[in-house]
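An overview of the molecular structure
What follows is each chain in one-letter form.
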Number of protein chains: 2
Amino acid sequence: MNQAMQALRTQTLLPGVKGLPLRAPLRQDEIAAQGYNVLDGRLSYPVAVLRQSTLDHNLAWMRDFAERAGTLLAPHGKTTMSPQLFQAQLDAGAWAITLATIPQLRVAHRFGVKRVVLANQPVAYADIESLAGLLHEDAEFQAWVLVDSVAGAARLNEVMTRVAPQRRLPVLLELGLDGGRTGARGVDAAFALARDIAAMPALALAGIEGYEGLWTGADRAADLVRVRALLEQMVALTRRCDAAGLFDGDEILISAGGSAYFDFVADAFAALDGLSRPLRRVLRSGCYLTSDHGLYHGLQQEMRTRHGAEFRHGLQPALELWAMVQSRPEPGLALLTLGKRDASYDIELPRPLQWHRPGTPAPRPLREARIAKMNDQHAYLELPPEHPLQVGDLVAVGISHPCTTFDKWPLMLLSDDGYRVVGAINTFF
Amino acid sequence: MNQAMQALRTQTLLPGVKGLPLRAPLRQDEIAAQGYNVLDGRLSYPVAVLRQSTLDHNLAWMRDFAERAGTLLAPHGKTTMSPQLFQAQLDAGAWAITLATIPQLRVAHRFGVKRVVLANQPVAYADIESLAGLLHEDAEFQAWVLVDSVAGAARLNEVMTRVAPQRRLPVLLELGLDGGRTGARGVDAAFALARDIAAMPALALAGIEGYEGLWTGADRAADLVRVRALLEQMVALTRRCDAAGLFDGDEILISAGGSAYFDFVADAFAALDGLSRPLRRVLRSGCYLTSDHGLYHGLQQEMRTRHGAEFRHGLQPALELWAMVQSRPEPGLALLTLGKRDASYDIELPRPLQWHRPGTPAPRPLREARIAKMNDQHAYLELPPEHPLQVGDLVAVGISHPCTTFDKWPLMLLSDDGYRVVGAINTFF
């Protein structure tokens, strides 16, 4: 365990950390010995709870999927930005950790991550210098970086030459679709960019990258057409660059894959063979680790429909938020201690899962209620007027889109299946 | 300066802090000496920038408003959760700091805030025990706490008796409207609750509270009807509780006021007189400190329309985010290094203000562009195809709703009017 990870284990948590009932400082590695249980009502609510067994299941399931599919995993770390979860992913066989920004990459490196994919083109000189500085100072550290414009590539080339002259930066050419996000548009433009990159001495064209996970709208058929089109173009571009001898290195890398369509990605990459050298296929899914009760749950159902048995015991939601009923001012309304500061609201509002009265045997389902609105620190739970929920009861909600819940919690609790708190993880946003 | 504030000043910032171009550790109080300037393109973008002169203006303007209106200010600290900004508010005459949750209150206390309003009813035993513990341990510390149910009041009474037997907790009875958030519904129900509170030996009924700032929807006339109704009921309830001798203490406290309607609140409170003892009128505005370029900017315009001269040089937007153009993959589209992890999106998306090419004399307006969408780490800027914006240029955006931008930045930069970085503030979410 590296020094920063060790320091995290033994760091002192002060009263004011969301979700812990602290009145005095507590060492983080003493959390498990406190006898906390989410259900006993003795914590400060809301709490964010990761179920350890479900995390373990998802880690193992995704490792197995990648193995079967002949891909490597470089899980997107921006989802959680948690060193302990990065480590769990690496321990479960991940080849690298993907990050979105240079500050994120610095955090990962500090906590011992030695192989990263930066799934963006860094453009600010300070960012490129920071990356090149790490490459210069740490011979063990490896980074693959996206490029989607000549202007961007030229910046990388200039800074690498100046700051890390002993190393060449492996870059992945990003391909995009019209109407998409970043990425050179279309195979012809991308191929022209590949030629430019190949001529830059501090860069090594290591492969081709795309991101298909953006298309998760209401028109599912149209989304799938775009996903397939991007993957087909990626394959065509890889063949064309290989035929032109533009790739540099012993292998060619191809990477795509969020958590929405990694099955399509794996299939498309599996069909790519006959290249001049070995192909390294890399999936970058991030949300797979916790999944959710909303968007990604629905996308998992779609994979089940597409594939059947293989996905029957697929990714499961590992993250719940537990809030307390603060007020029940009207028969059909309860206010929960849970708001925009605690739960995702960018895709849909959290959905009630269970309610529990501390001191009673077990939580009960709460399907007949819904969260109609959230303020910064409150959720408006609409429920049948006769529902017994009262001030001091607990309500568990599931979220939609893990990325925008993780960034609201500096510390999340780990629990066993009985909601006993067995540890904690930290995030760095 | 208390010890925690001092520690903050001299803390070591590590590479990975968003917005700082760090390749090595830096002491926070050395930021000003680095010669950073947002416009020179040498930072890591996005950065969040608070303009010092505008903060000072808003602090002074709000202090003057409160003085003229005969109210005290207990600014809502949940907006920024920044100890340095709390201190600036106290230095500008704020009577107390308002917080939303006990973890927030613990943070404020740690950084030396000795008088707080908790604008919620704490319900979890751990939270109440934490509060009572502070009151027990720190004789200088004063807290006013909301109550909106007998069940909640009983919890407060029980814990105070057990944990802080030498003190009584001053509580404010929260009044709410049907269809609103927390708060007893209507004067009769609230008055009944006041009687119950008055009978609880560890509690002192110190006053009446309401929150009118929720009603900021599209139907402005309907919103104002509700705001006025709540304020009228608060006044009526205060008179009734006073007449019944239910208030405890040398004064009566009445508090409302977000940043949308503090003019109405001040007017309603000013008209309340003839009580049995002095009235302490408390505004709790939070967003006034930075205002914004969206929701609160519009609400300020409305105040200007209502009042004219007094509001002509009123609250100004103090917060901008500066991002870099990462990609311009299509003529009408630029991708900015700014996403849901950086900017508010709960009310509306950020709006472009200016663009700047490092090395050129000054930023230029960017009114002809709009942000159409954000992902976690990207903004989609739609602009005229012929616009010269290119990779490496900077774009400044204004936000709507400060609360949901502050919570995305552990550190924000302070700048002078030329965007030179003169310091930084920290947030604790």
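Residues numbered from 1 in each chain as written. Chains lettered and ligands numbered in written order. Predicted model: local features only at pLDDT ≥ 70, side-chain atom pairs only at ≥ 80, totals over all residues. Heavy atoms only, no water.

1. Details of the overall build of chain A
Note the following rule: Starting at the N terminus, helices and strands are each numbered in turn, a helix being any DSSP run of H or I of at least four residues and a strand any DSSP run of E of at least two. Radius of gyration: C-alpha atoms only; globule rule: 2.2 Å multiplied by the number of residues to the exponent 0.38. Only protein chains enter the accessibility calculation, which uses a 1.4 Å probe; a residue whose area is less than 20% of its type maximum is buried, one above 50% is exposed, and one in between is partly exposed. When checking whether two residues touch, look at their non-hydrogen atoms; a contact exists if any pair is within 4.5 Å. We score Asp and Glu as negative and Lys and Arg as positive, and we do not count His or the chain ends. Lysine's charge is taken at NZ, arginine's at CZ, aspartate's at CG and glutamate's at CD.
Along the backbone of chain A there are eleven helices and 21 strands. Relative to a compact globule of 429 residues, whose C-alpha radius of gyration would be 22 Å, chain A shows 23 Å and is just as compact. Taken over the C-alpha atoms alone, chain A extends approximately 70 × 50 × 35 Å along its principal axes. When each of the 429 residues of chain A is scored for burial, the buried share is 64%. Here the analysis covers contacts within chain A between residues at least 6 apart in sequence; of these, 71% occur between residues at least 24 apart. A distance of 2 Å separates the average location of the 43 positive side-chain charges in chain A from that of its 46 negative side-chain charges.

2. Here's the deal with the domain arrangement of chain A
All names here are of chain A. Short version of the rule: Bear in mind that the domain bounds are from an automatic or database domain assignment. Summed over both partners, the accessible area (1.4 Å probe) lost when two parts come together is defined as the buried area. Salt-bridge detection follows one rule: a side-chain nitrogen of Lys or Arg within 4 Å of a carboxyl oxygen of Asp or Glu. Two N or O atoms count as a polar contact when they lie within 3.5 Å, although within protein this holds only if one can serve as hydrogen donor and the other as acceptor, and sequence-adjacent residues are included solely when both atoms are side-chain atoms.
Segmenting chain A into domains produces domain 1 (3–51 + 315–426) and domain 2 (53–290). Summing the contributions of domain 1 and of domain 2, the shared interface buries around 1,800 Å²; its carbon and sulfur component is 69%. Considering only the side of domain 1, the residues that lose the most area to domain 2 are M5, L315 and F406, jointly responsible for 34% of the buried surface there. Run the count over domain 1 and domain 2 and you get zero salt bridges. Taken together, the links from domain 1 to domain 2 amount to eight residue pairs in polar contact (both at pLDDT 80 or more). Listed by contribution, the elements that provide at least two residues to the side of domain 1 that touches domain 2 are α1 (3–9), β3 (47–51), α11 (403–406) and β21 (421–426).

3. Considering the nonpolar core
The condition is simple: Definition used in this section: a nonpolar core is a set of buried Ala, Val, Leu, Ile, Met, Phe, Trp, Tyr and Cys residues joined via side-chain atoms within 4.5 Å.
Formed by 245 residues in total, the largest nonpolar core has its most connected members in L173, L338 and L381 of chain A together with L173, L338 and L381 of chain B. Excluding residues that lie within four positions of it along the chain, L338 of chain B makes contacts with P46, L321, A323, A343, P350, I371, M374, Q377, H378, A379 and V397 of chain B. Ranked by size, the runner-up nonpolar core spans 26 residues in total, among them I31, L39, M324 and A424 of chain A.

4. Overview of the confidence of the model for chain A
As a reminder, the rule being used: Confidence of the predictor in every single residue is expressed as pLDDT, which spans 0 to 100.
Averaged over chain A, the pLDDT score is 97; the fraction of residues at 70 or greater is 100%. Listed scores for the predicted complex are pTM 0.97 and ipTM 0.98.

5. Focus: the side chain of S415 of chain B
Looking at the element boundaries, S415 of chain B is found in strand β20 (residues 411–415). In contact with S415 of chain B, not counting residues within four places along its chain, are V49, L50, R51, Q52, R420, V421 and V422 of chain B.

6. A short note on the packing of helix α8 (residues 220–243) of chain B against helix α9 (residues 262–270) of chain B
Residues and elements named next belong to chain B. Cut-off, in case you're wondering: Interaxial angles span 0 to 180 degrees and are taken between N-to-C directions of axes, which are lines fitted to C-alpha atoms, for helices over the stretch in contact. Between 65 and 115 degrees an angle is taken as roughly perpendicular, under 35 as roughly parallel, over 145 as roughly antiparallel, and anywhere else as oblique. A clockwise turn of the near helix away from the far one marks a right-handed crossing, whereas an anticlockwise turn of less than a right angle marks a left-handed crossing. Here the nonpolar group is Ala, Val, Leu, Ile, Met, Phe, Trp, Tyr, Cys and Pro; Asp, Glu, Lys and Arg are the charged ones; every other residue, Gly included, is treated as polar.
Put simply, α8 and α9 touch, their axes get as near as 10 Å, and they point 30 degrees apart. With respect to α9, the axis of α8 lies roughly parallel. The handedness of the crossing between α8 and α9 is right-handed. Note on element contacts: α9 touches α8 through F264, V265, A268 and F269, opposite L224, V227, R228, L231, M234 and V235. Its residues assigned to classes, the contact of α8 with α9 shows nine nonpolar, no polar and one charged.

7. Re the pairing of strand β20 (residues 411–415) of chain A
In summary, the side chains of a regular strand alternate between the two faces of the sheet. Residue and element names in this part refer to chain A. As a reminder of what qualifies: In this analysis, strands are considered paired if DSSP registers two or more bridges between them.
Where burial is concerned, most of β20 is hidden: five out of the five residues are buried. Of the two faces of β20, the one holding L411, L413 and S415 and the one holding M412 and L414 are both buried throughout. Looking at chain direction, β3 and β20 are connected through three bridges and run parallel. Residue pairing in the sheet places R51 in a bridge with S415 of β20.

8. Points about the relation of the copies chain A and chain B
How we decide: The copies are overlaid by a least-squares fit using only the C-alpha atoms of residues whose pLDDT is at least 70 in both copies.
Superposition record for chain A on chain B: RMSD 0.0 Å, screw rotation 180 degrees, translation along axis 0.0 Å. Such a turn and shift between the copies fits a two-fold axis. Interface residue correspondence from chain A to chain B reaches 100%, placing this contact among same-surface, isologous pairings.

9. Re the pattern of salt bridges
Counting across every chain of the model gives 55 salt bridges over all chains. Residues R27 of chain A and D29 of chain A are paired through a salt bridge, measuring 2.5 Å at the closest nitrogen-oxygen approach. Residue classification places R27 of chain A among the partly exposed residues on the basis of a relative accessible area of 36%. For the salt bridge of E330 of chain A with R185 of chain B, the shortest nitrogen-to-oxygen distance reads 2.8 Å. One end of the pair, E330 of chain A, is in strand β13 (residues 319–330); the other, R185 of chain B, is in strand β9 (residues 184–185), on a second chain.

10. As for the interface of chain A and chain B
Counting residues at the interface gives 73 residues for chain A, matched by 74 residues for chain B. Note on chain A versus chain B: buried area summed over both sides is about 5,600 Å², and carbon and sulfur give 50% of it. The tally of links between chain A and chain B comes to ten salt bridges. The residue E129 of chain A makes a salt bridge to R42 of chain B at a minimum N-O spacing of 2.9 Å. Looking at which element gives the most residues to the side of chain A that touches chain B, the answer is helix α5 (residues 125–137) of chain A, with seven residues.

11. Regarding helix α3 (residues 83–91) of chain B
The set of residues buried in α3 of chain B consists of P83, Q84, L85, F86 and Q89 of chain B. Looking one or two residues beyond α3 of chain B, the residue adopting positive phi is G93 of chain B, at roughly 100 degrees.

12. Some remarks on the packing of α5 of chain A against helix α6 (residues 150–163) of chain A
Residues and elements named next belong to chain A. One can describe the packing of α5 onto α6 by two numbers: an axis separation of 9 Å at closest approach and a directional angle of 45 degrees. On the basis of the axis angle, α5 is oblique to α6. By crossing handedness, the relation of α5 to α6 is classed as right-handed. For the pair α5 and α6, the contacting residues are Y125, I128, E129, A132, G133, L135 and H136 in the first and R155, L156, E158, V159, M160, R162 and V163 in the second. Grouping the constituent residues of the contact of α5 with α6 by class yields eight nonpolar, two polar and four charged.

13. Some points on the environment of L275 of chain A
Residues and elements named next belong to chain A. Inspection of the secondary structure assignment puts L275 in the loop between α9 (262–270) and β12 (279–283). Between the alpha carbons of L275 and E251 there is a distance of 9.6 Å; along the sequence they are 24 residues apart. Beyond its immediate chain neighbours, meaning those up to four positions away, L275 contacts T238, R239, D242 and I252.

14. Looking at helix α2 (residues 52–69) of chain A
Residue and element names in this part refer to chain A. The criterion, for reference: Multiplying 1.5 Å by the residue count of a helix minus one yields the expected span of that helix.
When the terminal C-alpha atoms of α2 are compared, their 26 Å separation across 18 residues agrees well with the 26 Å that a helix rising 1.5 Å per residue should span. In this structure, the buried residues of α2 make contact with β3, β4 (72–73), α3 (83–91), α9, β12 and β20. Count one or two residues on from α2 and you reach G70, which has phi positive near 70 degrees.

15. Observations concerning the side chain of H387 of chain B
Residue and element names in this part refer to chain B. Topologically, H387 is positioned in the loop between β18 (379–382) and β19 (394–398). Side chain to side chain, H387 and E368 meet in a polar contact 3.3 Å long. When near neighbours in sequence (up to four residues on either side) are disregarded, H387 contacts R328, W355, L366 and E368.

16. As for the packing of aromatic side chains
What counts here: Stacked, edge-to-face and tilted labels apply to pairs of Phe, Tyr and Trp rings (six-membered ring for Trp) whose centres lie within 6.5 Å, assigned for plane angles under 30 degrees, over 60, and everything in between, in that order. Think of it as a cone above the ring: NZ of Lys or CZ of Arg counts as a charge over the ring if it is within 6 Å of the ring centre and within 35 degrees of the ring normal.
Applying the stated criterion to the full structure yields 21 aromatic pairs over all chains. Relative to F65 of chain B, the ring of W61 of chain B lies with its centre 5.7 Å away and its plane at 15 degrees, an arrangement referred to as stacked. Pair noted here: W61 of chain B and F65 of chain B are both in helix α2 (residues 52–69), with a separation of four residues, about one helical turn. F65 of chain B matches W61 of chain B in its accessibility class, with the two residues each being buried. Clustering of aromatic rings is evident, with ring pairs tying together W61, F65, F262 and F311 of chain A. The lysine or arginine in question, R51 of chain A, covers the ring of Y419 of chain A, its NZ or CZ lying 5.2 Å from the ring centre. Here R110 of chain A stacks its cationic end above the ring of F428 of chain A, 6.0 Å away from the centre of that ring.

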